[in-house]
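Listed below are the residues making up each chain.
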Amino acid sequence: MVTPLSDEAATKRLRTGGEGPPEVAAPLLAAAPAGAVAPAAAAPSAASATAESSPTPTSSIAGGVSTTAGSPGAGVSSVSQQQQQQQPSPALESRNNSTVGVGLEGGTIPQELPALKVTFYELLIRQLRDDGFAAEAQSVAQQLHLQHTGHIEKDALFGTYSKSMKWAFAEKPPPGEWIPLECSPVPPLGPQEKVLDLDSLAASGAVAAASPITPLPISTLDQQPAVQGLGRRAPEIRLLYTSQHQQSCPCRAAAFSSDGRSCAAGFLDGSIKILDCARMRACAVSTEGPLARMRVTEEELTKPVTRVLHDHVLGITCLAFHPTNPTLFSGSLDKAVKIFDLTRPPGHKRAFSVLQDVHTVRCISIHPCGDFLLVGTAHQAVRYYDLQTLNCFTTFNQSDHHGGGVNDVRCTSDGRLFASGSSDGAIHIWDAVSHRIVNRLPKAHSASAVTSVRWSRNLRYLLSSGADGRHRLWDVRQGREIHCMGFGTRACDWSRAVFCAGERYVASSTSNTRLSDVSLFDAQTGSPVFMKLGMHTLPVHALEASPIDRTLITGCDDHKARYFSVEDRGGG
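Note that the structure is predicted; figures quoted are calculated from it, not measured.

### Thoughts on the environment of Leu342
- In this structure, Leu342 sits in the loop between β12 (336–341) and β13 (353–356).
- You can call Leu342 buried: its relative accessible area is 18%.
- Along the chain, Leu342 and Thr327 lie 15 residues apart, while their C-alpha atoms are 5.6 Å from each other.
- When neighbours within four sequence positions are excluded, Leu342 is seen to be in contact with Ile274, Arg307, Leu309, Phe321, Pro326, Thr327 and Leu328.

Set out below in structure tokens:
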């Protein structure tokens, strides 16, 4: 606890000028006008000298009082003025009385300070010393009776400010200001794990600046040229399984579990299919290759569908698996997020919990810790749900909200940040702890709506898609665009893009009916590999990649969900 100065000590300091600031302790004689009377000790000799040298009357102005040298009243006037100057004036007396117990700026010194404030003043004093203001630091320390502490590091206060409080009192960073982002992937990258790393490729000179190759249909795979700049052939696309919906409803959402063992497909009638990935691969083996059978029973074809969920009254818009628990989250046009327990018997089709909103749910993403759920709706605010209490939160700063509905939201694997794309054309990168914006990309897709965002495995890059029909790769450490990928017209209703095959490729789809299929690009150069995979005849709404292998799942308007793999050919 800091003990303030006593009233007597403060009064003495102000009157004597001891250890006080110059503007408070300075005597009034320093501000006296020119021609003021000299001190009283020198007044008699000066008066006698004037009388001897000049017998004639002489007028002098002393402090605004007219006197005549040599007259009886002259000396009395001078001495009385000197005594008035030596005595404190009523204004000074009132000033001294009013400043008893005040600080440097005239504010009242509190009787005691909280421990957090004591720590703050210790940091402030150390920062003043580090910046060369030793006298000011000593003055503040004496005012607060604080001793110099050596355990505080140099520039500790400035470091704290620059890390966490730089934009605390501003609506947004200055235009063009980008805060570098450094995240740590969870789990850590393995020594043999292949991820997108453009820094190492640039250092080794593997990426060559060359014109993009002309993509060819999948029917001529054997004649495909090598992928430009990397010296490898285009990959082989293998269809492993197809699930057709009985009610002939388009598939609008798809998701993989974090372990890659299961995937889900959501349809326009509100139903959700859960599929087993190992069983789908087994079906592909039973129908292809030298050991394939000529006929496969209908039971074997439907065996990968482990359960069907149906609790929404309108179409499914988004799906997400819990990172650790056997739980599935679904969003729908019915403005609700429903939570399904996948450990229940297959006959249980209803959700055990519901999060009701007043806007259409467009996207969901679960925090890696599993305790929070991010929800994007047709409203401009990103929802943040606590899954323990089911309470909903959002940022308190209105300027951080999007200008339109939130189309996609994705959290980093370490849980520190999440990115959101909106119909206002902006990408916001948020601090997942404080729920404040860290960085903005205001016109990420030429002011068109941003429809999807994806983080790379090492969290250095962000892949976005927009209503301009283009897919862009961003370096989040610098806030710059690396690649721009896409075909056809620069106008569409929606588009999707995901990393696939160990982030070697980018798979994309749009609402463009002239494409009506999945396109494939090289993630390292942005060069096109396939304009069409040749598997779909209608636009592909749902597109998701497995987190553990080289497989993809798609949902199309032809009422089918397709599961296929992207395999490298020889020499890849």
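Past the structure itself, the notes keep going.
### With respect to the nonpolar core
- Counting residues in each nonpolar core, the largest one holds 19 residues, and the members touching the most others are Ile237, Ala507, Leu520 and Leu552.
- Broken down by element, this core gets its largest block of residues, three residues, from strand β30 (residues 540–545).
- Ranked by size, the runner-up nonpolar core spans 18 residues in total, among them Tyr241, Phe267, Cys277 and Tyr563.

### Things to note about the packing of aromatic side chains
- In total, this model carries five aromatic pairs according to the counting rule given.
- When the centroid spacing of 5.5 Å and the interplanar angle of 65° are considered together, the rings of Phe120 and Tyr121 count as edge-to-face.
- With a relative accessible area of 39%, Phe120 lands in the partly exposed category.
- Residue class for Tyr121 comes out partly exposed when judged on its relative accessible area of 25%.

### A few points about the sheet that holds strand β8 (residues 271–276)
- Here we have four strands laid out as an open sheet, ordered β6-β7-β8-β9, and antiparallel in their pairing. Whereas interior strands pair on both sides, the edge strands pair on one side only; in this sheet they are β6 (251–256) and β9 (305–310). Direction aside, the axes of adjacent strands within the sheet are offset by 20° on average.
- With five bridges connecting them, β6 and strand β7 (residues 262–267) associate as antiparallel partners. When the bridges of β7 are listed, Cys251 appears paired with Phe267.

### Things to note about the sheet that holds strand β11 (residues 327–332)
- Ordered in space as β10-β11-β12-β13, the four strands form an open sheet in which the pairing is antiparallel. A strand with exactly one partner marks an edge of an open sheet, and here the two such strands are β10 (316–321) and β13. Neighbour-to-neighbour, the strand axes of this sheet turn through a mean angle of 20°, independent of strand direction.
- As judged from the four bridges shared by β12 and β13, these two strands associate in the antiparallel manner. In the strand pairing of β13, Ala336 is matched with Gln356.

### Thoughts on the pairing of strand β14 (residues 361–366)
- For β14, the tally of buried residues reaches five of six residues, placing the bulk of the element in the interior.
- Both β14 and strand β15 (residues 372–377) contribute to a ladder of five bridges, which runs antiparallel. Residue pairing for β15: Cys363 is matched across the bridge by Gly376.
- The turn joining β14 and β15, which pair antiparallel and follow one another in sequence, is formed by five residues; a positive phi near 85° is taken by Gly370.

### A few points about the pattern of salt bridges
- This model, assessed by the stated rule, comprises 23 salt bridges.
- A salt bridge links Asp408 to Arg454, with the shortest nitrogen-to-oxygen separation between them at 2.8 Å. With Asp408 in strand β18 (residues 406–411) and Arg454 in strand β22 (residues 450–455), the pair connects residues that are 46 residues apart, well separated along the chain. Residue Asp408 shares its accessibility class with Arg454, and that shared class is buried.

### Considerations on the packing of helix α6 (residues 115–130) against helix α7 (residues 134–144)
- Direction vectors running N to C along α6 and α7 enclose 155°, while the axes themselves pass 7 Å from each other. With respect to α7, the axis of α6 lies roughly antiparallel. Seen from above, α6 lies across α7 with left-handed handedness. Contacts from Tyr121, Ile125, Leu128 and Arg129 in α6 reach Ala134, Glu136, Ala137, Gln138, Val140, Ala141 and Leu144 in α7.
- Considered class by class, the residues forming the contact of α6 with α7 number eight nonpolar, one polar and two charged.

### A few points about α6
- Taking 1.5 Å as the rise per residue, α6 with 16 residues should run 22 Å; its terminal C-alpha atoms sit 23 Å apart, in good agreement.
- The set of residues buried in α6 consists of Val118, Glu122, Ile125, Arg126, Gln127 and Leu128.
- After α6 finishes, the residue Gly132 shows a positive phi value of roughly 90°.

### Some thoughts on the confidence of the model for the protein chain
- In this model, the protein chain carries an average pLDDT of 77, and 69% of its residues clear a pLDDT of 70 or more.
- Residue range residues 1–106 is modelled with pLDDT below 50. Its contacts to residues more than four positions away, or to other chains, number 81 contacts.
- Taken as a whole, residues 207–230 scores under 50 in pLDDT and shows 48 contacts with residues more than four places along the chain or in a different chain.

### Description of the side chain of Gln127
- With respect to the helices and strands, the residue Gln127 is situated in helix α6.
- On the basis of relative accessibility, which here comes to 10%, the residue Gln127 falls in the buried class.
- In this structure the side chain of Gln127 is engaged in a polar contact, spanning 3.3 Å, whose partner is the backbone nitrogen of Phe158.
- Those residues within four positions of Gln127 in sequence are excluded, and the remaining contacts are Asp155, Ala156, Leu157 and Phe158.

Cut-offs applied
- Residues numbered from 1 in each chain as written.
- Predicted model: local features only at pLDDT ≥ 70, side-chain atom pairs only at ≥ 80, totals over all residues.
- Heavy atoms only, no water.
- Helix = DSSP H or I, 4+ residues; strand = E, 2+ residues; numbered from the N terminus.
- Buried < 20%, exposed > 50% of the residue type's maximum accessible area, 1.4 Å probe, protein only.
- Contact = heavy atoms within 4.5 Å.
- Core = buried A, V, L, I, M, F, W, Y, C linked by side-chain atoms within 4.5 Å.
- Phe/Tyr/Trp six-rings, centres within 6.5 Å; stacked < 30°, edge-to-face > 60°.
- Pairing = 2+ DSSP bridges.
- Axes fitted to C-alpha atoms, helices over the stretch in contact; angles between N-to-C directions.
- Salt bridge = Lys/Arg side-chain N within 4 Å of Asp/Glu carboxyl O.
- Parallel < 35°, antiparallel > 145°, perpendicular 65-115°, else oblique.
- Left-handed = near helix turned anticlockwise from the far one by under 90°.
- Nonpolar A, V, L, I, M, F, W, Y, C, P; charged D, E, K, R; others polar.
- Expected span 1.5 Å × (residues − 1).
- pLDDT = per-residue confidence, 0-100.
- Polar contact = N/O pair within 3.5 Å; in protein donor to acceptor, adjacent residues only side chain to side chain.

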